[in-house]
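Inside the fold
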Amino acid sequence: MTKAIILAAGRGSRMKALTDDRPKCLVEFRGKPLLHWQLEALRSAGVRDIALVTGYRREMLAGHGLHEFHNERWAETNMVASLACAREWLESSPCLVSYSDIVYERAAVDAVLGSEADLAVAYDLDWLRLWEARFGNPLEDAETFRIDEASRILEIGQKPESVAEIQGQYMGLLRFCPAAWAAMQRVRVALEPAKRDRLDMTGALQLMILSGYAVTGVPVHSHWAEFDSEEDLRRVGGLGL
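Note that the structure is a prediction, hence the values are computed from the model and not measured. (Residues numbered from 1 in each chain as written. Predicted model: local features only at pLDDT ≥ 70, side-chain atom pairs only at ≥ 80, totals over all residues. Heavy atoms only, no water.)

A separate point is unusual backbone geometry. Excluding glycine, residues mostly carry a negative phi; peptide bonds, for their part, are mostly trans. A positive phi angle is found at R57, which is not glycine, with a value near 50°. In this model, S151 sits at a positive phi of 70°, which is unusual for a non-glycine residue. On the basis of relative accessibility, which here comes to 27%, the residue S151 falls in the partly exposed class. (Buried < 20%, exposed > 50% of the residue type's maximum accessible area, 1.4 Å probe, protein only.)

This is the structure in structure tokens:
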């Protein structure tokens, strides 16, 4: 019964000309828009109620049979502000939340849906292979991710100094129960407006962790990829997706 919210408000300027006329989630990977990869994985896992949070070129996303939440301030706000546009769903029932620039398999969705945690965050144990394919130095883009034996995340989203600080890599696939969304709202509204607008997802998760809220990591053992740039479309093509 879990609903899914795909965050598709941003332009994805690092895709350069590929997003001049379309939102990032409609850029194609292996002949298929990124959005279609996500919809196939979600629907194969039994998720039927799916919404998009739109922003840039929202008209391009009509006709997919999806519920729409719109972020009118997409150009000046970050990921958590876009997610807040879907508060109607988040406040009423558990929701899977997916970035729109990632590709994953049904197994990743099943893993997150199978967690009993109020806030479950997918992470990749084999992250280094993907990051080495994407970057000359994996540490230039990777973020810290430390987790304890009870699967509770201790730190996320900081700048690492070594690979030893990274026990996995955040994927951009999460599951919120209403209580978890309420907790994220509390740390969000405590910020001054400018910082609130710039708040990204890992920053919000880290604030929740510092406040004492339990954020649970869920390891994913299937193929996935993140597409931040045009180069990513070429570099990750041989990694098994």
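Let us keep going from here.
Right, let's get into the nonpolar core. Within the largest apolar cluster, 82 residues are counted, with the highest numbers of intra-cluster contacts made by F176, M201 and L205. It is helix α1 (residues 34-44) that contributes the most residues to this core, six residues altogether. Beyond its immediate stretch of four places on either side in the chain, M201 contacts L7, M79, V80, L83, Y99, Y170, L174, F176 and M184. (Core = buried A, V, L, I, M, F, W, Y, C linked by side-chain atoms within 4.5 Å. Helix = DSSP H or I, 4+ residues; strand = E, 2+ residues; numbered from the N terminus. Contact = heavy atoms within 4.5 Å.)

In this structure, the largest pocket spans a volume of roughly 860 Å³. R14, M79, Y99, D101 and D228 are, among the 32 residues lining the largest pocket, the residues nearest its centre. Those elements that provide at least two residues to the lining of the largest pocket are β1 (3-8), α2 (79-84), β11 (169-176), α8 (201-210) and β13 (224-226). Looking at which element gives the most residues to the lining of the largest pocket, the answer is β11, with four residues. (1 Å grid on protein atoms, 1.4 Å probe; cavity = no way out; pocket = protein on both sides within 12 Å on 5 of 7 lines; lining within 4 Å. Points joined across faces, edges and corners; volume = space filled by probe spheres on them.)

Taken by themselves, the reported measurements are silent on function.
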